Amino acid sequence: MSSAAVSPAARLRGLKPDWLNDPKVWRTEVLAGLVVALALIPEAISFSIIAGVDPAIGLFASFTMAVVISVVGGRRAMISAATGAVALVIAPLNREHGLSYLIAAVILAGVFQVVLGAVGVAKLMRFIPRSVMVGFVNALAILIFMAQVPEMHDVPWAVYPLIAGGLALMVFFPKITTVIPAPLVSIVILTVITVAAGIAVPTVGDKGELPSSLPVPGLPDVPFTLDTLTTIAPYAFAMALVGLMESLMTAKLVDEITDTHSNKTRESVGQGVANIVTGFFGGMGGCAMIGQTMINVKVSGARTRVSTFLAGAFLMVLCIVFGPVVSDIPMAALVAVMVMVSFATFDWHSVAPKTLGRMPLGETAVMLVTVAVVVATHNLAIGVVVGSITAMVIFAKRVARFAEVARLVSPDGTGVLYTVTGELFFASSNDLVGQFDYAADPDKVVIDLSAAHVWDASSVAALDAVETKYGQRGKSVEIIGLNDPSADLHGKLTGELAGGH
């Protein structure tokens, strides 16, 4: 068929992604968005309380973050909304200076994220080891579960069978059909039971009043002065870093779950744009939500931006149009969903005796340190940073042991050849100076570095120190075999470092 014979409708279909023509995918995405929206409501209200703002502020943030990131984000099917990590960062600012300063900080944090994304901060993700990633995932699962514990403490006895029933539904309903997400079925059935039977249990409405109208854009009511900037900048920068860390780690996790690639730079910039928009609409800001993302991707099977967009859109529809109905949803139903998410998120293989027996001790230690720090601080970003630093220290110690020095005296006894093998950097070069026999060696010393690589100034300083010690005894040193990068670094720095000679 010639191109001229192709109809405009057919041409348009060819430009659309395949999933747009697949009703099954549409059903999955729509229902996933609905489940996530239902789970977002009590979370957003809880995070609003942490930040010290009205529940509507958190709900507006979840709406705008989800809708905007669905368009500008770099990771399909990931959910961004108001989060506890961001709430903890900005709560002191709201407490000391008020809501207007908080909103101004959200906008500035978005600007910081756009700049950080543009300069390539996402590339730092390559330095996060797998053991830290596993620890991050396990700590996340623990935090999700711990967040549900207060909802199971000092509550009517009926809450416990409702939670158990919800879990049972989510385990066994998929064996009947997967057309409708099991979490949605669980939420609907438990709500019908509690309302029809008049069972008095905590509900979503008990968390706070839902908004009755859409957010209106506007500027924060703060003086546009240098004093305001210096007040909000530290909070904004901290929020930007925490938000990017959680979002990029979540994106990397979803990449692994879905076996697809995401654009981390676009995601970083997108998070900034979403926070800027959120600030102008009076929201408290946010970042990727790992728990809700797991509901969307792992539990509901969503894979496109449609579910992310609909999660935000449904959130506002549920609040504004169906507020009274949503308010009647028992918290037990949502607790059951999040408990199931925590169990599905935890990497059980990583703690299996067989895995622990095979895994190097250092790898297990890094994973446990990451989990311990995250659980202790309730801050995923701090745990990832501490875990990564621990991994680097263990790696440096391991690599440092590979640097070896072999000594060979010439047959006539007039010279000695030292062959250095391995990577020379700050950790390994510290022991280099002590591996030469300065007093007993003959007058001519040759150091062969053809099997080594000089990485940093510490190594150059160590070689300078070796030459100095021989020079003090009237002996000459010749360094040979440097590869081009090592020779370039050595040539620039030798003799220029304090304490080298």
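First, a word on scope: everything that follows refers to the structure included in this document. (Residues numbered from 1 in each chain as written. Predicted model: local features only at pLDDT ≥ 70, side-chain atom pairs only at ≥ 80, totals over all residues. Heavy atoms only, no water.)

So, the overall build of the chain
Check the secondary structure of the chain and you find 20 helices and six strands. Compactness check: the chain gives a C-alpha radius of gyration of 29 Å against a globular reference of 23 Å for 501 residues, more than 25% above the reference. With the C-alpha coordinates of the chain rotated into their principal frame, the extents come out at 100 × 70 × 60 Å. In the chain, 30 side chains carry a positive charge and 35 a negative one; their mean positions are 9 Å apart. (Helix = DSSP H or I, 4+ residues; strand = E, 2+ residues; numbered from the N terminus. Rg over C-alpha atoms; globule rule 2.2 N^0.38 Å. Lys, Arg positive; Asp, Glu negative; His and termini not counted. Charge placed at Lys NZ, Arg CZ, Asp CG, Glu CD.)

Thoughts on the packing of aromatic side chains
By the definition in use, this model includes nine aromatic pairs. Considering the side-chain rings of Phe 145 and Phe 343, the 6.5 Å spacing of their centres and the 90° angle between planes classify their relative orientation as edge-to-face. Here Phe 145 is found in helix H6 (residues 130–148), whereas its partner Phe 343 is found in helix H14 (residues 331–345), with 198 residues between them in sequence. With a centroid separation of 4.5 Å and an interplanar angle of 55°, the aromatic rings of Tyr 418 and Phe 436 are classed as tilted. With Tyr 418 in strand E4 (residues 415–424) and Phe 436 in the loop between helix H18 (426–429) and strand E5 (444–454), this residue pair connects regions lying 18 residues apart in the sequence. Overall, Tyr 418 belongs to the buried group, its relative accessible area being 1%. An aromatic cluster is defined as three or more aromatic residues linked by ring pairs; in this entry it consists of Phe 145, Phe 343, Phe 346 and Trp 348. (Phe/Tyr/Trp six-rings, centres within 6.5 Å; stacked < 30°, edge-to-face > 60°. Buried < 20%, exposed > 50% of the residue type's maximum accessible area, 1.4 Å probe, protein only.)

With respect to the environment of Asp 347
Topologically, Asp 347 is positioned in the loop between H14 and helix H15 (353–358). On a C-alpha basis, the gap between Asp 347 and Val 114 in space is 32 Å, while along the polypeptide they are 233 residues apart. Setting aside its immediate chain neighbours within four residues, Asp 347 contacts Arg 130, Val 134, Val 137 and Asn 138. (Contact = heavy atoms within 4.5 Å.)

Structural notes on the pattern of salt bridges
For the coordinates displayed, the defined rule picks out five salt bridges. For Arg 75, the salt bridge is made with Asp 255, and the minimal N-O distance between the two is 2.6 Å. Here Arg 75 is found in the loop between helix H3 (55–72) and strand E1 (80–81), whereas its partner Asp 255 is found in helix H9 (residues 226–258), with 180 residues between them in sequence. Across the pair, Asp 255 and Arg 75 agree in class, each one buried. Where Asp 488 meets Lys 492, a salt bridge forms, and the shortest distance between an N and an O atom there is 3.5 Å. (Salt bridge = Lys/Arg side-chain N within 4 Å of Asp/Glu carboxyl O.)

Describing the sheet that holds strand E6 (residues 476–480)
The strand order across the open sheet built from four strands is E3-E4-E5-E6, with neighbouring strands paired in mixed fashion. Both edges of this open sheet fall to strand E3 (404–409) and E6, since each of them pairs with a single strand only. Adjacent strand axes in the sheet meet at a mean angle of 20° when their direction is disregarded. Strand direction decides the pairing type here: E4 and E5, joined by nine bridges, are parallel. The residue of E5 that forms the bridge with Leu 417 is Val 446. Along the sheet, helix H19 (residues 457–471) contacts E4, E5 and E6; its crossing angle with E5, the most-contacted strand, is approximately 175°. (Pairing = 2+ DSSP bridges. Axes fitted to C-alpha atoms, helices over the stretch in contact; angles between N-to-C directions.)

Comments concerning the nonpolar core
General note: in soluble globular proteins, nonpolar side chains tend to be found buried as a group. Residues Ile 41, Leu 59, Phe 136, Met 249, Met 284, Ile 295 and Leu 315 are the most contacted members of the largest nonpolar core, which totals 110 residues. The element that contributes the greatest number of residues to this core is helix H2 (residues 23–51), accounting for twelve residues. With residues up to four places along the chain from it excluded, the contact list for Ile 41 reads Leu 59, Val 204, Leu 210, Leu 315, Leu 318, Cys 319 and Val 326. Ile 447, Val 454, Ala 462 and Leu 463 belong to the second largest nonpolar core, which has 21 residues in total. (Core = buried A, V, L, I, M, F, W, Y, C linked by side-chain atoms within 4.5 Å.)

Quick look at the pairing of E6
Here E5 pairs with E6 via five bridges, running parallel. Within the sheet, the bridge partner assigned to Ile 447 lies in E6 and is Ile 479. Tracing the backbone out of E5, into H19 and back to the parallel element E6 gives a crossover that is right-handed. (Right-handed = clockwise from strand over helix to strand, strands pointing away.)

A word on helix H11 (residues 290–299)
It helps to recall that an α-helix has 3.6 residues per turn; residues three or four apart then point in one direction. Summarising burial for H11: eight of the ten residues are buried, a large majority. Taken together, the buried positions of H11 are occupied by Ile 290, Gly 291, Gln 292, Thr 293, Met 294, Ile 295, Asn 296 and Val 297. Of the residues trailing H11, Gly 301 is marked for its positive phi of about 80°.

A closer look at the packing of H2 against H3
In contact at an axis separation of 7 Å, H2 and H3 are set at 125° when each is read in the N-to-C sense. With respect to their mutual orientation, H2 and H3 come out oblique. For the pair H2 and H3, the sense of crossing is right-handed. Listed contacts from H3 to Ile 41, Ala 44, Ile 45 and Ser 48 of H2 are Pro 55, Ile 57, Gly 58, Leu 59 and Ser 62. Classifying every residue of the contact of H2 with H3 gives six nonpolar, three polar and no charged. (Parallel < 35°, antiparallel > 145°, perpendicular 65-115°, else oblique. Left-handed = near helix turned anticlockwise from the far one by under 90°. Nonpolar A, V, L, I, M, F, W, Y, C, P; charged D, E, K, R; others polar.)

With respect to a nonpolar patch on the surface
A cluster of nonpolar side chains, Phe 145, Met 146, Val 149, Phe 343, Trp 348, Val 351 and Leu 356, forms an exposed patch at the surface whose accessible area comes to about 600 Å². Position of Val 149 among the secondary structure elements: in the loop between H6 and helix H7 (159–176). The exposure class assigned to Val 149 is partly exposed, which follows from its relative accessible area of 38%. (Patch = residues over 30% accessible without salt bridge, like charges linked within 9 Å, V, L, I, M, F, W, Y side chains within 5 Å. Areas by Shrake-Rupley, 256 points an atom, 1.4 Å probe, with all protein chains shown as cover.)

A word on H2
In this model, H2 (29 residues) spans 41 Å end to end at C-alpha, consistent with the 42 Å of a helix rising 1.5 Å per residue. Along H2, the largest kink reaches about 30° and is centred on Leu 40; proline Pro 42 follows within four residues of it. One or two residues past the end of H2 sits Gly 52, with phi positive at roughly 80°. (Expected span 1.5 Å × (residues − 1). Bend = angle between axes of the 7 residues up to and from the residue.)

Digging into the side chain of Glu 267
With respect to the helices, strands and loops of the structure, Glu 267 is situated in helix H10 (residues 264–280). An unpaired buried charge is present at Glu 267: no salt bridge exists, and Arg 305, the closest side chain of opposite charge, is 6.3 Å distant. A polar contact of 2.8 Å, which involves the side chain of Glu 267, links it to the backbone nitrogen of Gly 74. (Polar contact = N/O pair within 3.5 Å; in protein donor to acceptor, adjacent residues only side chain to side chain.)

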